[in-house]
Each structure stands twice: as structure tokens, then as C-alpha cells.
Amino acid sequence: MKRTLLVSILAASGIANADTPYYITIGGAHTDHEVTKDYFDDYIKHSYDLELSGGYMIDKSTAVELSIVQPSPDQNEGRADVEQARLSGLFFFGENTIKPYLTAGLGYGKASLDNFAEENALLSVGAGIQADITDRFFARAEYRYDDMVNEVIEHNNYVLEAGMRFGSGTVAQHTGSVHNDMTDDVKAAHDAAAAEQKKAQAMTEEQTRKAAEQAKAEAAAAKARLAATVDSDKDGVVDIKDKCPATPENTTVDSDGCPDFKGKLQGVYFETSSAKLTENSETILDEAAAELKRYPDLEIEVQAFTDSRGSDALNLKISEDRAKSVRNYLINKGVSAEKLTAKGYGEANPIATNDTAEGRAKNRRVELSVKK
């Protein structure tokens, strides 16, 4: 892991240089003319120069540089003016932040004092130290020896420069074996990091999904627990089991939450072989109508039954007519017609034996059944 991290750092540094292969420098030089005292047949004071250079990094350790030297604008009288145009090569040692280098170049130079000047081709050699301040900015300290060819003029130059890199990654090859097209270690580290990131993202998404599902399940459970305790009409039957949710208060209800009608209307009789109610029966139905009007939302079926005497068809018809007769009477007493239906069942569903007069009397009955 440590080796991979080190390689990644070196590669990143090299890639930064690859992205900025061009550079410029600007600086000042102290030029010493005391290498020879034959120039102008007298001692020449040292002079100060300005240098502007533009360079290109060929690879991680080699650069080529074009430099222009001009006299300092505030050069005092008695100091020689030095002018140069020089093309140099530089070789850097190592890849540390501070690294030494050697330089050598060819150019053309001119040295002048008062009304006398010498100019010719120029040979230059030197050495220096470069310090990388950031990925883009750096500084140099350099010693350079200049010799004008076929002339006695020689200079010792002590130079301080500041530089800035720029450009695009057109020379990625200069990153060398450490990061040329990315080494296997760097690529492996990159792929591993990408895989870990993808895995972490997938885990995060799965955790988010599970958390959402759990929250949804907990909310549903809480809602169900609440619903299991709610009794809106306060009839003792919770809403989720109440088939008659709007039962009036103080009403006796069955296990389904619906009014607990006794069903059979005791004392309701009809004239013989007829659907006409007797006078006493009307009194009983008046009480039933008053009770039913208390529950306007209930749907009621009026059911009529006969005993077993007579044919099945006759008994069914008589029961249907009697059920309709009771329904009509209740409607006339104010019970909603939409909530009342009538059906005759003939001799079906006996509640007592048909072999005795007492049993047959019980089977001839009318019942009110709540539809649920």
C-alpha cells in the first residue's frame, strides 16, 4: 500500500510537469569583468543585467532555453553594458523539490563601455540550483561563465531568477518510467480506488433503500396499531371490524357493530290468506318504524315466512306479499325506501315444528334483518 501511494505521488508530480512543459523566467545578474584585466586595457567595474528566458522541458531532466540579456535601465556610468542572445541546454539532477542542474549554451554577445564595444559569438557554461515553490512557480540561483569567441572578453555571472510553468500536456513522455502512460502500480491503485468507491456507493444505496423500507414498514405498523384502537362511533367495536360505522350513541350492537335488532316482530299478524295487516300489528310496526328511523344509514331486509300448510308456490307468494306489505307500511311511517327491501321465503327456515298448531304459529312470522 505504501509503495503504491509513493508511486501515485511521484506520478502525480510528473503529470503536473507534463501538463506544464513550457516556462519563462525573469531575473537579474551581477556580471563580474575581472576574469581578465586586458579588456579596454584597464579595470572594468562590474555591471548589472536583466535576463528574460523562455524554456521547454523535453523530458523530466532535460530542458532547452532561449535567453535575452539586456543592461539594467539604471546602469551607472563606468559600468559595461552586456547584451546577449543565448540558446542553452539544461540538465537537472533528481526529482526533488530542490535540485541542482548544469547548463551550457551558444549565443551572440556584445559588451560596450562608453564609445568602445566588442561583439562576437558566445560560449556559455554554468551550474545552478532550482527550487520548486509550487507545481507552477519556481526560483533559481545560477553561476555562469561566458566567453566571447576570438575575443578576450570573459564574464562571471551570478544570476537570481523566478520562473513560471505553463502550457498543455504535449510532452507526457518526460514523466519517464514512473508515470509514462501510468505504471502498472498506479493503474492498479486507480482501478482499486474506483472499485472501492463503486462498492461504497452500492452499499450506501442499499442501506438507503433498506432504511426507507424499514421506515415505511414501521409507519404502516404504527398506523395499524392505531386503527386497531379507534372506535369512531363509540359502540364498543373498533372501526376496522365495524360493519356499521355510524351507529348512534347508546345503541346496543352485535359483534359486527350493527344495531342488535331482535329480528322477529312479535305480534305482527295478517288477515287469513291475505297480506293485509291487522290493527294490532300496525301498532307494533309503528314502534319498529320509530326505532328504524334512528339508524338512517342501515339497510334492512323485511323477511316474511309461512308454515308448511299449502303448496310451496302459494306459501312463497303469500310470504312475498306480506313482506312487501310490511315494507310499504314502514315507508309510510317515514323509514327510507332506499334502505328497505322485502323478500318472501315461504315455508323455508322454520324455527319450530310444523306438526303442531303452536309450532306453525311461530313459523308464520316477519323479521327485520340488517344487511352488512
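As a reminder, the structure under discussion sits directly above these lines.
Values in this document were obtained by computation on a predicted structure and should not be read as measured data.

Trainee: How would you explain the packing of aromatic side chains if you had to name every residue and give the values?
Mentor: Inspection of the entire model under this criterion finds 7 aromatic pairs. Plain terms: the ring middles of Tyr-22 and Tyr-56 are 4.9 Å apart, the flat faces sit at 50° to each other, and that makes the pair tilted. With Tyr-22 in strand 1 (residues 22–32) and Tyr-56 in strand 2 (residues 47–57), this pair connects stretches of sequence that are 34 residues apart. For Tyr-22, a relative accessible area of 33% translates into the label partly exposed.

Trainee: Which residues make up the nonpolar core, and what values do they have?
Mentor: Membership of the largest hydrophobic core comes to 24 residues, with the highest contact counts inside it found for Leu-285, Val-302, Val-326, Leu-330, Val-366 and Leu-368. Contributing elements (two or more residues each) for this core: helix 4 (279–292), strand 9 (299–305), helix 5 (312–332) and strand 11 (365–371). With near-sequence residues (within four places) excluded, Leu-330 lies in contact with Leu-285, Ala-288, Ala-289, Leu-292, Val-302, Val-335, Leu-340 and Leu-368. Grouped together as the second largest cluster of nonpolar side chains are 7 residues, Tyr-23, Met-57, Tyr-101 and Phe-138 included.

Trainee: Describe the pattern of salt bridges, and please don't skip the residues or the numbers.
Mentor: For the structure on display, the rule yields 18 salt bridges. Put simply, Arg-209 and Glu-213 hold a salt bridge, and the shortest N to O gap is 2.5 Å. Of this pair, Arg-209 and Glu-213 both sit in helix 3 (residues 184–227), 4 residues apart, which is roughly one turn of that helix. Take Glu-213: its relative accessible area is 44%, and that puts it in the partly exposed class.

Trainee: How would you sum up the sheet that holds strand 9? Please name residues and give values.
Mentor: Strands in a sheet are paired, the pairing made by backbone hydrogen bonds, and the direction either parallel or antiparallel. Read across the sheet, 3 strands follow the order 10-9-11 without closing on themselves; strand pairing throughout is mixed. Only two strands of the sheet have a single neighbouring strand rather than two, namely strand 10 (340–344) and strand 11. Adjacent strand axes in the sheet meet at a mean angle of 25° when their direction is disregarded. Bridge count for strand 9 against strand 10 is 5 bridges, and the pairing is parallel. Bridging across to strand 10, Ile-300 finds its partner in Leu-340. Its contacts with the sheet put helix 5 on strand 9, strand 10 and strand 11, and the angle it makes with strand 10 is roughly 160°.

Cut-off values and rules
Residues numbered from 1 in each chain as written. Predicted model: local features only at pLDDT ≥ 70, side-chain atom pairs only at ≥ 80, totals over all residues. Heavy atoms only, no water. Phe/Tyr/Trp six-rings, centres within 6.5 Å; stacked < 30°, edge-to-face > 60°. Helix = DSSP H or I, 4+ residues; strand = E, 2+ residues; numbered from the N terminus. Buried < 20%, exposed > 50% of the residue type's maximum accessible area, 1.4 Å probe, protein only. Core = buried A, V, L, I, M, F, W, Y, C linked by side-chain atoms within 4.5 Å. Contact = heavy atoms within 4.5 Å. Salt bridge = Lys/Arg side-chain N within 4 Å of Asp/Glu carboxyl O. Pairing = 2+ DSSP bridges. Axes fitted to C-alpha atoms, helices over the stretch in contact; angles between N-to-C directions.

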